[in-house]
Each structure stands twice: as C-alpha cells, then as structure tokens.
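Topology and contacts: notes
Below are the chains, spelled out letter by letter.
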Amino acid sequence: MAYISMGEAHRRITEYLNGFADAVSSQDGGSLARLLSLSSDSPSLLSLADALNVFQDANRLIKQSDKFSQFAEIIVPLFRSLQNYRLGNLVDAYHAFEKSSNAFVQEFRNWESAWALEALHVIAYEIRVLAEKADRELASSGKSPEKLKGAGSFLMKVFGVLAGKGPKRVGALYVTCQLFKIYFKLGTVHLCRSVIRSIETARIFDFEEFPRRDKVTYMYYTGRLEVFNENFTAADDKLTYALTHCNLLKEANIRMILKYLIPVKLSLGILPKSWLLEKYDLLEYSNVVLALKRGDLRLLRRALQEHEDQFLRSGVYLVLEKLELQVYQRLLKKIYIIQKQKDPSKAHQLKLEIIIKALKWLEMDMDLDEVECIMTILIYKNLVKGYFAHKSKVVVLSKQDPFPKLNGKPVSS
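First things first, this report covers the structure right here in the doc. (Residues numbered from 1 in each chain as written. Predicted model: local features only at pLDDT ≥ 70, side-chain atom pairs only at ≥ 80, totals over all residues. Heavy atoms only, no water.)

1. Structural notes on the environment of Ser194
Here is the rule we go by: Helical segments are the DSSP runs of H or I of at least four residues, strand segments are the runs of E of at least two, and each set is numbered from the N terminus.
Position of Ser194 among the secondary structure elements: in helix α11 (residues 192–201). Along the chain, Ser194 and Lys342 lie 148 residues apart, while their C-alpha atoms are 60 Å from each other.

Below you can see the structure in the form of structure tokens.
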C-alpha cells in the first residue's frame, strides 16, 4: 500500500460519504449499488479501505454530521467490513457486512418506491459471496463453516420484504436465485421448494414481469431440481427456456445450461450434434452419444468411468447410467437389421444366443438369465414391441414399429 497522508485519507472518506448521501437523496440506485460492491475490488473502494486504515476516526466524522449520521447504522459497520475485507479477515468482514445489510434492509422497507432495488441486489450478492469466503477461512482453521447458512436466513428475510404488492416485487426473483445458489452449495436443495411455491403460486407475482436475466437463472436452477427428481419432461421445458432466453454472448452460461440439458435430451431420445459439444467444450458427452448411436454398451460404460468424477459432481451420473436401456435397444435394432438382410422371413425372431454373441463381441459377458431379464425390461418399458418366448428363448418382435422412438418422452417407469 502506497503512503497516504491523513489529509488524503480524510478526503477519500468524505468523498465516499457524500457520494452515499447524494445517491440516497437523488434516489440513484446504480450509484448506491457501486458503493456497496465490496467484492468487486474496485479501485475507489480499495483506496477507501486504505484510507480507513490510516484515518481511525471515521465513526466520529459520520456521527457529527447530520447529512451522514442518518445512515450511521449502515455505513459504520460497512466501513468495518471493508477494512477487514482489505486485510483478509473474512469472517470479521462478513459479520460487519451482515450488520450493515440488516440496517439497509430496514431503511429499504421505509422507501416507498423500488429505486434502491439494484443496491439491494448487490447486498444479496455480496452477503452470499462474503459468506462463502468466510466459510473457507473457518474451514481452513478447523472451525465449523456456518456463515453461508446464516446468509440464507438473511436472504429469506429480504425475500419476505420483496414478496408483497407493489413495484418492489420484481426484485424477488433475483434474491430467489441467490438463495438457490446457497442451497445448492450447502446440499439443502429441499429448501428451494418453499421459495418456488411462493414464486409460482402467489398471485402477486407475474413471472413475465421479472427481468430476463433472473428468469433464465431461475429456470436453470429449477430445471436442475427437476433433473435430480428425474422429472425429465419438466426439466427439458425449464432448461430449454433458460437456453433460448440466455444472452448468446454469455457462452459460459450457455455451457452451464447445456451441461444439464444434454443428459435430459439424451434421456428423451434426442442426441446433440457434435459441433455443439465442440463449441461449448462438452466433449465428455461425445462417447456417450456415440455409444447410443452404435448400441455399444462397452463404450457407454467406459465413458461413464472416464468422466465419473465430473458426472457425479454435476449430479447427472445416474441419469446417464440409465441410458443403458436405450443402448440395448439400439443394439437389438442393429441385430434385427442385419438379420433382415440375411433372412427376411426370420427377421422378427431374435434368438437370445445371437444377442449374447453380440454382447461378447463387445466384451460384455452375460449369461442367458441376465439377457432374458434385460429383454423383459425392454419390452415392459416399451423400448421393444413384442414378446418373449421362454421355451424357445426367442424375442418375437412386432412386425409394426418393433423399436418405438421416444419422440421427446422419457422411458416409461
């Protein structure tokens, strides 16, 4: 840190205080938001933090002025948070910021219009980010990380402030998305349900009036929830909405959506183009798609094994594992096509021993009972039309559409 004189430190602090007071008096939400963006590491806030560490009497400066003292409950802990953040004391920075944020929310309640929504959104974002950093600091010192949970409780209060009639309600979806990020991080996704119910059933909310950015994020997270619950049709609807409304320039966001939408589409029998996987660096799905095209069970299992950690972290491993039934269907279809070319009169009769030979060629050793069980499941799930003749150990296929396409519908349970 470069040397700062007492006079320069005083000037920087006074400049910030004037900016804060002016932003409130002129109802300039954008300017106020920038003054609250701790983690942005903006040069002006970093220089303010350095000034606060030189000029130790900022509290007196605030409380002695009528212009500034009305915001003392917000600014005094905010300054303390900024100082600690600059020094790397992240737990102390979080505690002070939470205190400042509570005071800000109290003021926000009293303001009739929604002019400060942008500033409130910055607070919602900052409290989450600071909590995550504070928890990392706690965990590194062997203490229990609990700040993110506290940030979730605070944001529920903020949601309550916004979940009423009037212009402020359009800010509720942004706060909801911050809550989703916390719940997913903590592994407490069941807590999303109460907020979702409020958004989707409360008459005070009209989903289309929310900002597009917030609608995309909301659909992304609720789509992921549907993936976890294996409601693939609903997941497809929500994630497709997120994808089609996402800013085309935000390639990282598009990639995040596709990471979940692709497994959903695969479950519905829809395969992505190879250029899409290449463009958005999702090549971990390449061999999964190839396995589905070829009916190659060995390739599918290798792909799942190779990217197991990645798929488990994303929560899509079990979704991809269930694609085995579609791979079996494709394999049977290939056997059927080959048999039809050799002997059209017997094309609809697939002997189990032929299927076992095909699996052995793929280095998949299965006995008669295992293959019989798989054939029964394929018929039951309507992936194969026909019946199984136990005595002759033959799958007798329907002469009309023996291998029904999913056509965007999930495999029947």
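From this point, the discussion proceeds with the structure in view.
2. Looking at the sheet that holds strand β1 (residues 349–351)
Under the convention used in this document: If DSSP finds at least two bridges between two strands, the strands pair. As a rule, the C-alpha atoms of each element are fitted with a line to give its axis, helices using only the stretch in contact, and angles between N-to-C directions run from 0 to 180 degrees. Any two residues having at least one pair of non-hydrogen atoms within 4.5 Å are treated as being in contact.
Here 3 strands make up an open sheet; going across it, the order is β1-β3-β2 and the pairing antiparallel. The two strands at the open ends of the sheet, each matched to only one other strand, are β1 and β2 (386–389). Sheet twist, expressed as the average angle between the axes of neighbouring strands with direction ignored, equals 20°. Here 3 bridges tie β1 to strand β3 (residues 394–397), and the two strands are oriented antiparallel to one another. Directly across from Lys351, in β3, lies its bridge partner Val394. Against the sheet, helix α20 (residues 324–342) makes contact with β1 and β3, and its axis sits at roughly 115° relative to β1, the strand it touches most. Contacts between helix α21 (residues 352–361) and the sheet are confined to β1, β2 and β3, with β1 contributing the most and set at about 60° to the helix.

3. A short note on the pairing of β2
Judged from the 4 bridges that link them, β2 and β3 form a sheet pairing that is antiparallel. Across the sheet, the residue bridging to Phe388 is Val395, located in β3. Hairpin connection of β2 to β3: 4 residues between the antiparallel strands, including Lys393 at a positive phi of 55°.

4. Some thoughts on the packing of aromatic side chains
Short version of the rule: Only Phe, Tyr and Trp rings take part, Trp by its six-membered ring, and two of them pair if their centres are within 6.5 Å. Stacked means planes under 30 degrees apart, edge-to-face means over 60, and tilted covers everything else. The buried label applies to any residue whose accessible area, calculated with a 1.4 Å probe on protein chains only, is under 20% of its type's maximum; exposed applies above 50%, and partly exposed to all values in between. Distance and angle both matter: a charge sits over a ring if NZ of Lys or CZ of Arg is within 6 Å of the ring centre and within 35 degrees of the ring normal.
Tallied over the entire structure, the rule returns 16 aromatic pairs. Ring plane angle 75° and centroid distance 4.9 Å describe the contact between Tyr220 and Tyr221, whose orientation is recorded as edge-to-face. Tyr221 carries the same exposure label as Tyr220, and that label is buried. Put simply, the rings of Phe180, Phe184, Phe207, Phe210, Tyr218, Tyr220, Tyr221, Phe228, Tyr241 and Tyr260 pair up and form one aromatic cluster. Across from the ring centre of Phe108, 4.5 Å away, lies the NZ or CZ of Lys168, which sits over that ring.

5. A short note on the layout of surface pockets
Basically, it comes down to this: Using a grid of 1 Å spacing that covers the protein atoms alone, one calls a set of points a cavity when a 1.4 Å probe fits there but cannot get out, and a pocket when the set is open and has protein on both sides within 12 Å along at least five of seven lines; lining residues are those with an atom within 4 Å of a point. Grid points are joined across faces, edges and corners, and a volume is the space filled by probe spheres set on the points. Gly is put with the polar residues, along with every residue not named as nonpolar or charged; the nonpolar set is Ala, Val, Leu, Ile, Met, Phe, Trp, Tyr, Cys and Pro, and the charged set is Asp, Glu, Lys and Arg.
Of the volumes computed, that of the largest pocket is approximately 490 Å³. Lys181, Arg213, Val216, Thr217 and Asn253 are the residues nearest the centre of the largest pocket, which is lined by 19 residues in total. Elements supplying a minimum of two residues to the lining of the largest pocket: α10 (172–186), α12 (212–228) and α14 (251–267). A per-element tally of the lining of the largest pocket places α12 first, with 7 residues. Of the residues that constitute the lining of the largest pocket, the class distribution is 9 nonpolar, 5 polar and 5 charged.

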